Amino acid sequence: MKREKIMAPKGVSEYLPPRSASFEWVREKLINPAKLAGYQLMELPVFEDTQLFSRGVGESTDVVSKEMYTFEDRGGRSITLRPEGTAGVMRAVIEHSLDRGQLPVKVYYSGAFFRAERPQAGRYRQFYQVGVESIGLDDPAIDAEIIALADNAFKSIGLTRYRLEITSLGDQASRAAHRNELVKFLAALDLDEATKARAEINPLRIFDDKREEIKALMTNAPLLIDYLTEESKANFDLVCSYLDALKITYVINPRMVRGLDYYTGTTFEFVHEDLGAQSGIGGGGRYDGLMQTLGGSDLSGIGFGLGVDRVLLAAEAEGVLALSDFVSDLYIIPLGDASKQSALVLAQELRRDGFQVEIAFGDRALKGAMKAADKSGSAYAIVLGDAEISSGAVELKRMSDGQVSSVKMSELKSALSERK
Ligand code: HAM
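Structural notes, computed from the coordinates. (Residues numbered from 1 in each chain as written. Predicted model: local features only at pLDDT ≥ 70, side-chain atom pairs only at ≥ 80, totals over all residues. Heavy atoms only, no water.)

Things to note about the site of the ligand
What counts is decided by this rule: For this purpose, a residue is taken to be near a molecule or strand whenever a single non-hydrogen atom of the residue falls within 4 Å of it. Whenever two N or O atoms come within 3.5 Å, that pair is a polar contact, provided that in protein one can donate a hydrogen and the other can accept it, and provided that, for residues adjacent in sequence, both atoms are side-chain atoms. Computed with a 1.4 Å probe, the accessible areas rest on the Shrake-Rupley method; for each residue, only the protein chains presented here act as cover. Helix and strand labels come from DSSP, where a helix needs a run of H or I of at least four residues and a strand needs a run of E of at least two; each type is numbered from the N terminus. Each residue receives one of three labels: charged for Asp, Glu, Lys and Arg, nonpolar for Ala, Val, Leu, Ile, Met, Phe, Trp, Tyr, Cys and Pro, and polar for the others, Gly being one of them.
In the region of the ligand, 27 residues are neighbours, and Glu84, Glu117, Glu133, Tyr263 and Gly280 sit closest. Tyr263 places a side-chain nitrogen or oxygen 2.6 Å from a nitrogen atom of the ligand. Contact distances for the ligand include 3.2 Å between an oxygen atom and a backbone N or O atom of Gly282. Protein chains bury 96% of the 660 Å² of accessible surface belonging to the ligand in isolation. Sorting the residues of the shell around the ligand by element identifies β6 (126–135), β10 (280–286) and β11 (301–307) as the ones contributing at least two each. Across the shell around the ligand, the residue classes break down as nine nonpolar, 11 polar and seven charged.

In structure tokens form, the structure reads like this:
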């Protein structure tokens, strides 16, 4: 009896060979600038106490109100699969008193995140982020460094068709002054009950409403950037001047609203031109009150999350992936049991020296094995039979053009590295 196939849950992203190599390459590129700037790995649980997100990320957000994977564990505790990384990092910093050590605490993370969104291209229910957080100091130069880490990461991948949008949500006084005016403005509009309820928790959210009629109503809404206190404005100007010095281009978008409620001060988003509706390839900002909200001291922080899945899509759209980086150096085709042993030993020696080496197993006929070598994309292939073993020399075949040269086994390493 044939059993029914089991499929992956709807909307998850998964990466199989050969595309998984591109995924891994992109992820490393996204992490690397943070490592070069002294950020260290934080590996955190993918599930946390639900309150961490409802309190940390904010009840008015879609993420908390509609998209969390929440369940009761066997001990009756409410658990949520992490929808984002910042709250978890902050939880760990507070729990392990890292804020009593050297500041800022500088960490990066990389892993799976979960949001029950409506799946579409570039929007998944399980997706991958690389993130960094710098916690404990409020300095515009850190804001600029953080933005530069993300920008450098995208540039190192070769992306060009993206833009950086930034704004400032100011300090508490700026937000209070603006909120006053915005609430007045919203009160005069004819909004439905659900929208009013959202506005009551966070009136800024209405700027994020995707409905055309609401967008039109918001055209003349007061903008937070016009209500910045002198200090907030000076801070933001400094961030911009540092970005200018770093030759990072940006557009100021005072209507930007991030999907999470903890942001204050500098906030930013990277938007890619080729990705359609799901164009945000990364975003972040400063979060002044988050640590206190989660039971810690009153320290500021800033960070970003980059969407690995979307960056991969962007890299594919721009055609910047060098797939030849991912193929083996040598494909060994053993003929018979004795030569299998020699192939295993030879492959082990070469791999110890950093060569990527594959062996054709399965006693295929030579022709079939050669075809497999070709398909593998390997740079070179050799046949290892009794004759080669007794003579100590092999015919090294360059797969790109079929050119063959006779090489002593003892010189295989140097032959391969010369031609690499
Ligand atoms: P976020 O903007 O919600 O920020 O997510 C960051 C990035 O993750 C997005 O720009 C996008 O590329 C990717 N992303 C988000 N949701 C999905 C999805 N459903 N499918 C595929 N990709 C997705 C945060 O999560 C903040 N924690 C970033 C941060 C760190 N802010 C300060 N520190």
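From this point, the discussion proceeds with the structure in view.
Looking at the packing of helix α1 (residues 19–36) against helix α5 (residues 140–157)
Definition in use: Axes, fitted as lines to C-alpha atoms, cover a helix only where it is in contact. Angles between the N-to-C directions of the axes lie from 0 to 180 degrees. When describing relative orientation, an angle under 35 degrees is termed roughly parallel and one over 145 degrees roughly antiparallel, while 65 to 115 degrees is termed roughly perpendicular and anything else oblique. The handedness criterion is simple: a crossing whose near helix is rotated anticlockwise from the far helix by less than a right angle is left-handed, and one whose near helix is rotated clockwise is right-handed. Any two residues having at least one pair of non-hydrogen atoms within 4.5 Å are treated as being in contact.
Close contact between α1 and α5 brings their axes to 8 Å; oriented N to C, the two are set at 140°. By the angle between their directions, the pair α1 and α5 is classed as oblique. The way α1 lies across α5 gives a crossing that is right-handed. Along its contact with α1, which presents Trp25, Val26, Lys29, Leu30, Pro33 and Ala34, the element α5 presents Leu149, Asn152, Ala153, Phe154, Ser156 and Ile157.

Focus: the pattern of salt bridges
In plain terms, the rule: The term salt bridge refers to a pairing of a side-chain nitrogen on Lys or Arg with a carboxyl oxygen on Asp or Glu at a separation within 4 Å. Residue exposure (1.4 Å probe, protein chains only): buried if accessible area is under 20% of the type maximum, exposed if over 50%, otherwise partly exposed.
Enumeration over the complete set of coordinates arrives at 25 salt bridges. Where Arg286 meets Asp138, a salt bridge forms, and the shortest distance between an N and an O atom there is 3.4 Å. Linking Arg286 in strand β10 with Asp138 in the loop between β6 and α5, this pair joins segments that are 148 residues apart in sequence. Given a relative accessible area of 48%, Asp138 falls into the partly exposed group. Arg161 serves as the salt-bridge partner of Asp274, at 2.7 Å between the closest nitrogen and oxygen. Of this pair, Asp274 sits in the loop between β9 (264–272) and β10 while Arg161 sits in the loop between α5 and β7 (162–168), and the two are 113 residues apart along the sequence. Take Asp274: its relative accessible area is 32%, and that puts it in the partly exposed class. Here the salt bridges share partners, and the residues they tie into one network are Arg205, Asp208, Lys210 and Asp261.

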